[in-house]
Structures are given as C-alpha cells and as structure tokens.
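# Working through the structure, step by step
Read off the chains here:
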Amino acid sequence: TFAILNGKLIERNQAKMDIEDRGYQFGDGVYEVIRVYNGKMFTLQEHLERFERSTKSIGVSLPYTMDQLKSLLLELVEKNNLRLGIIYMQITRGVAPRNHAFPEENVEPTLVAYTREMTRPKDELQTGVKTILTEDIRWLRCDIKSLNLLGNILAKQKAVEHGCFEAIQHRGQNVTEGSSSNIFMVKNGIVITHESNHLILKGITKDVILGLCSASGIPVNERAFTLKELAEADEVFLSSTVAEVMPIIEVEGKVVGNGEPGSITRKIQELFVNEIEKQCGA
Ligand code: PMP
C-alpha cells in the first residue's frame, strides 16, 4: 500500500521518519481522521477546514493549498483501492535539533497520510456500548486536534480496563467529551451536547448530527450538562468519525433509560446513514 510523505505518494514501507521530528519528540503537530465509504471521502471539506484551523492555531503553515491536499488524498484512496476505511493524516512542525522553542530557520513541516481498511462498528451500533466516567485532566485547548493525546489515552485505557467502549470525561460536575468522541444526552425530547469551545474538539460528526437534527425538527441545546443530568438522561450517545452515532446503554455501571438504545438516538442514526448514502452512495 501507499502513503503520502511530504507531498509524494510512496510505498508505505519506504516512508521513514527522522528521530528528531518534532511530532515524535514533542507531539508538536495536528492530525485528522477521515472516513471513506464506498471509495469516497465523507465530509472531506469539513476535515480539511478543521486541519487548516488546527495548523493555524499552532503556528504551522501548511505547505499545500486545500486543493493540492484534496487531490493528494484522492490519489491516495484510489492508489490503495480503499473502499471502506479511514485516512489518517498528520502534520508536524518538522525536523530540527531538539529545543522546545520553534526552530529558527525555515524548517519544512512533515506531512504524512496513509489509509487503513476499517468496517463500520455494526454490532455496537445495534446494541449500544458501555462507558465509564473519568475526570478530564487535559489542557485548556482541547479544540486543537493535537497529536498530544496522553490525557485521552489514559482515559481510554481506563475504559478498556473496565470492559467499556469509551470514557466520558468531566471537568468537575460538567461533562465535556469522550476520550475520542463527543457526548450527547437526550432529556424530554431535547438533544443536549457541550458547546464547541476550548474544552472540547468540535467534532465533524457532532456538527453533521446538529445539522440533521435542525433539518428534521429535533430540538437541540448546545450547552454543558452535569453528571447529575447525565445520570437522569432518557438517552445517551456518542459521536465520532469512526464510531458514527453510537448508543450508550450504560454509564459507570448504571443503565441508561431502559437499557436499550433510545428512539431519538435511533432516529439520528437513521438520518446519519442517509447522509452517508447521500454523500458517498454507500
Ligand atoms: N473529541 C475527541 C477528543 C476526539 O478525539 C474525537 C475523534 N477525532 C472527537 C471528539 C470526534 O470528532 P469527529 O467527529 O470529528 O471524529
């Protein structure tokens, strides 16, 4: 299979990194994960725009235009014959002698992208998943899709060790987001999810869901909600590029609603699959 390294399509096993790449040493970079359905990239424009925003927010200048990046990714998907899977793409500040401050000379950022085959999580989408709660110990710029993921990794590992799919993070009493997903609750027919500020990642899937809700008259309230509200929710679900619209049936050992994915969650899942079909014909 092929990978992109600094604007060139090369054999994946030929893609080698320098040990002083700042992504490797500092996590000094940003990334995106893009879903491919039926050989087509889902919400590509949104991912490219977020990628550009992320690079700007850490002061890395993208050495490619959005159109160049788009054609590179198209070529990658085609060359790899990817039908159902993901693209992983990251950019780092580049290779320079190790020093916390930005390198002085004009160091070229390192851009990497590759693909991976990945099925949809069909069983979990049907049955729903279990989650735990964990304090959100991350920094205050969670809106940047940074390579620095230690807080997220420790949270996800805790979930895995408890036999759970995801860890729901909270800052004090307020629920923020999952370790790699956004969190939604439903109460009395209203969908509630944390506003997209510096405390969470502005999920592409989250925004697709908000758009679908608004187009179909499902009321949404974008605001922080508390652990108490979460415990009393009628329905809970999470969203991400990889997990799509995933019902949550248990939080910290406590059953959500009647223990089955709720009707509004099901409705949003249906709308979401229609959107995939609309964009990708999958
Ligand atoms: N929050 C975090 C911390 C994430 O890592 C992700 C997955 N990238 C999300 C939310 C969901 O974002 P998206 O829908 O764009 O995949």
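Residues numbered from 1 in each chain as written. Predicted model: local features only at pLDDT ≥ 70, side-chain atom pairs only at ≥ 80, totals over all residues. Heavy atoms only, no water.

## Some details on the nonpolar core
- Of all hydrophobic cores here, the largest spans 25 residues; its most connected members are M41, F51, L69, L73, I87, M89 and L111.
- At the level of elements, strand 3 (29–37), helix 2 (44–57), helix 3 (66–79), strand 5 (85–92) and strand 6 (110–117) are the ones that each hand at least two residues to this core.
- Setting aside residues up to four positions removed in sequence, M41 forms contacts with I34, R35, V36, L73, L74, V77, I87 and C280. (Core = buried A, V, L, I, M, F, W, Y, C linked by side-chain atoms within 4.5 Å. Buried < 20%, exposed > 50% of the residue type's maximum accessible area, 1.4 Å probe, protein only. Helix = DSSP H or I, 4+ residues; strand = E, 2+ residues; numbered from the N terminus. Contact = heavy atoms within 4.5 Å.)

## Section: the domain arrangement of the protein
- Once the domains are mapped, the protein shows domain 1 (2–117) and domain 2 (122–280).
- In this structure, domain 1 and domain 2 have C-alpha centres spaced 26 Å apart.
- Each partner contributes residues to the interface: domain 1 has 28 residues there, and domain 2 has 20 residues.
- Between domain 1 and domain 2 lies a buried interface of about 1900 Å² when both sides are counted; carbon and sulfur atoms form 62% of it.
- Summed over the three residues of domain 1 that lose the most area to domain 2, namely Y31, F42 and R50, the buried surface amounts to 34% of that side.
- Our count for the domain 1 to domain 2 interface comes out at zero salt bridges.
- At the junction of domain 1 and domain 2, the tally comes to nine residue pairs in polar contact (both at pLDDT 80 or more).
- At the level of secondary structure, the elements contributing two or more residues to the side of domain 1 that touches domain 2 comprise helix 1 (22–26), strand 3, strand 4 (40–41), helix 2 and strand 5.
- A per-class count over the side of domain 1 that touches domain 2 returns 12 nonpolar, 10 polar and six charged. (Domains from an automatic or database assignment. Buried area = accessible area lost by both parts, 1.4 Å probe. Salt bridge = Lys/Arg side-chain N within 4 Å of Asp/Glu carboxyl O. Polar contact = N/O pair within 3.5 Å; in protein donor to acceptor, adjacent residues only side chain to side chain. Nonpolar A, V, L, I, M, F, W, Y, C, P; charged D, E, K, R; others polar.)

## Quick notes on helix 2
- Taking 1.5 Å per residue, 14 residues should reach 20 Å; helix 2 reaches 20 Å between its end C-alpha atoms and fits that length.
- Along helix 2, the positions that sit buried rather than exposed are L44, H47, L48, R50, F51, S54 and T55. Mapping the buried residues of helix 2 onto a view down its axis gives an arc of 165 degrees, with all of them on the same face.
- Buried residues in helix 2 make contact with strand 3, strand 4, helix 3, strand 5, strand 6 and helix 6 (204–215). (Expected span 1.5 Å × (residues − 1). Arc of directions from axis to C-beta.)

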